[in-house]
Amino acid sequence: MGSEEAEAIATDALGYLASDMEHLGRFLALAGIGPADLRDAAGEPGFLIGVLEFYMGHEALLLAFCEARGLRPTTIATARHALDTAHGDGAFAENGE
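In short, a report on the structure. (Residues numbered from 1 in each chain as written. Predicted model: local features only at pLDDT ≥ 70, side-chain atom pairs only at ≥ 80, totals over all residues. Heavy atoms only, no water.)

1. Remarks on the side chain of T75
Looking at the element boundaries, T75 is found in helix α6 (residues 74–87). Judged by its relative accessible area of 17%, T75 is buried. Filtering out sequence-adjacent residues up to four positions away, T75 remains in contact with M1 and I9. (Helix = DSSP H or I, 4+ residues; strand = E, 2+ residues; numbered from the N terminus. Buried < 20%, exposed > 50% of the residue type's maximum accessible area, 1.4 Å probe, protein only. Contact = heavy atoms within 4.5 Å.)

Right, here's the structure in full:
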């Protein structure tokens with residue numbers, strides 16, 4: 001998978017996440033940003049990696065997104081890896097590190 005396709009999947013995942021206020025609130029808290037900063041943060045490669053990692057850590061959300069988009073769940077891990085390869089390791093960590 002190329003970085004453009006991976007970015008498209010991550011951006012779509014972020015849009016899907018934005019429709020679920022409970023998960024979005026948790027994600028924003030873990031990312032340490034507010035809703036007003038979301039658009040600017042989405043332009044950062046490490047942020048998109050974080051979006052995909054958030055999905056990988058929340059199985060029900062991952063499965064719902066993949067079912068809605070007709071994707072295999074492993075596609076999210078593949079996209080995460082493609083972004084990491086293309087942009088370096090700027091990964092988001094849920095534990096704040």
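2. Thoughts on the nonpolar core
Looking at soluble globular proteins, one finds that nonpolar side chains tend to be buried together. L52, Y55 and I76 are the most contacted members of the largest nonpolar core, which has 26 residues in total. For this core, the element with the most residues is helix α4 (residues 45–56), which contributes 7 residues. Once residues lying within four places of it in the same chain are set aside, the contact partners of I76 are I9, L52, Y55, M56, L62, F65 and C66. (Core = buried A, V, L, I, M, F, W, Y, C linked by side-chain atoms within 4.5 Å.)

3. Here we look at helix α1 (residues 3–18)
Because an α-helix completes one turn every 3.6 residues, residues spaced three or four positions apart along the sequence face the same direction. With 16 residues, α1 ought to run about 22 Å at 1.5 Å a step, and its terminal C-alpha atoms sit 22 Å apart, in line with that. Residues of α1 that are buried include every one of A6, I9, A10, A13, L14 and L17, and no others. Viewed end-on, α1 has its buried residues packed into an arc of 140°, placing them on one side of the element. (Expected span 1.5 Å × (residues − 1). Arc of directions from axis to C-beta.)

4. Details of helix α5 (residues 59–69)
For α5, the set of buried residues is L61, L62, F65 and C66. When α5 is viewed along its axis, its buried side chains cluster within an angular range of 125° and face the same direction. Across from the buried face of α5, at angles greater than 90 degrees, the exposed residues are E59, A60 and E67. Among the residues trailing α5, G70 stands out with phi positive, at a value near 70°.

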